[in-house]
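Listed below, chain by chain, are the residues.
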Amino acid sequence: VPVEDGRISVAVMLPLPLDVAKQIAIPGFEQPDDLHVTIATVEMSPTNVPALCAELEPLLSRTTTVKLTKPIVFDVVGDDDQPGEAWCMAVEGVDDLNDAVSTVLAKYGELDQRGYVAHCTLAYRFDTSEDHTFRGVDIASKMPQPVACEIAGAALSLSPKSHPSDWVRFGVAADSLP
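This report concerns the structure included in the present document. (Residues numbered from 1 in each chain as written. Predicted model: local features only at pLDDT ≥ 70, side-chain atom pairs only at ≥ 80, totals over all residues. Heavy atoms only, no water.)

## Quick word on the pattern of salt bridges
For the structure on display, the rule yields two salt bridges. In this structure, Glu-55 engages Lys-107 in a salt bridge whose closest nitrogen and oxygen atoms are separated by 2.5 Å. One end of the pair, Glu-55, is in helix H2 (residues 49-60); the other, Lys-107, is in the loop between helix H3 (95-105) and strand E5 (109-111), and 52 residues separate them in sequence. Of the residues examined, Glu-55 reaches a relative accessible area of 26% and is grouped as partly exposed. Residue classification places Lys-107 among the exposed residues on the basis of a relative accessible area of 58%. Between Arg-125 and Glu-85 there is a salt bridge, with the nearest N and O atoms lying 3.0 Å from each other. One end of the pair, Arg-125, is in strand E6 (residues 119-126); the other, Glu-85, is in strand E4 (residues 83-92), and 40 residues separate them in sequence. Arg-125 sits in the buried class, given a relative accessible area of 15%. (Salt bridge = Lys/Arg side-chain N within 4 Å of Asp/Glu carboxyl O. Helix = DSSP H or I, 4+ residues; strand = E, 2+ residues; numbered from the N terminus. Buried < 20%, exposed > 50% of the residue type's maximum accessible area, 1.4 Å probe, protein only.)

## Focus on the pairing of strand E7 (residues 147-152)
Where burial is concerned, the two faces of E7 differ: the one with Val-147, Cys-149 and Ile-151 is buried and the one with Ala-148, Glu-150 and Ala-152 is not. Bridge analysis of strand E3 (residues 63-77) against E7 gives six bridges, and the strand direction is antiparallel. Across the sheet, residue Leu-68 finds its bridge partner in E7, namely Val-147. (Pairing = 2+ DSSP bridges.)

## Section: the sheet that holds E7
Pairing is antiparallel in the open sheet, where four strands are placed in the order E6-E4-E3-E7. Each end of this open sheet is capped by a strand with a single partner; those strands are E6 and E7. This sheet shows a mean twist of 35 degrees between the axes of neighbouring strands, independent of strand direction. (Axes fitted to C-alpha atoms, helices over the stretch in contact; angles between N-to-C directions.)

## Let's talk about the packing of H2 against H3
Closest axis-to-axis distance for the H2/H3 pair is 10 Å, and the angle between their directions is 165 degrees. As summarised for this structure, H2 and H3 are arranged roughly antiparallel, according to the angle between their axes. Taken as a pair, H2 and H3 cross one another with a handedness that is right-handed. For the pair formed by H2 and H3, the contact residues are Leu-52, Glu-55, Leu-56, Leu-59 and Leu-60 on the first element and Leu-97, Ala-100, Val-101, Val-104 and Leu-105 on the second. (Parallel < 35°, antiparallel > 145°, perpendicular 65-115°, else oblique. Left-handed = near helix turned anticlockwise from the far one by under 90°. Contact = heavy atoms within 4.5 Å.)

## Quick notes on the sheet that holds E5
Strand order in the open sheet formed by five strands is E5-E2-E1-E8-E9, with antiparallel pairing between adjacent strands. Both outer strands of the open sheet, E5 and strand E9 (168-170), are each paired with one neighbouring strand and no more. Across the sheet, the mean angle separating the axes of adjacent strands is 25 degrees when strand polarity is ignored. Bridge count for strand E1 (residues 8-15) against strand E2 (residues 36-44) is eight bridges, and the pairing is antiparallel. Bridged to Leu-14 within E2 is Val-37. Docked against the sheet, H3 engages E1, E2 and E5, running at close to 15 degrees with respect to E2.

This is the structure in structure tokens:
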């Protein structure tokens, strides 16, 4: 989704292996092929994406071992300024990668200033008069147990609404750079 003055919101992330994603996904919420650990985000000019990808490739074409440790909940704001919650698993093992990637991203635009908390979002819940299907306690009862995994490569999303098939991939089976 474009942001002000023609800039785009870019996210660097580690897509979870599909077998792990299927194991921890909560039915009715985020799809397994969408589950990932966000490493960092930046607002930048789309014309700089090829240069950014070239600079990130050595950092992202590797295997990262992560551990999803415990449930955490963030307050979020939806598309219509609707208050809600993001139900996530805290993630260990990516702080050094976040530091290295953030250093590169800072050259290309404005980094997200909310502070970094390593996590994998499993569900969003918004308080609307129409949506009483899932209460917080219902989601909490479905949160997975801790799990560790190896993630080969990484991905770049050029929009918060992008589908995993649109992500730029880094790694052994990486897509070609844009």
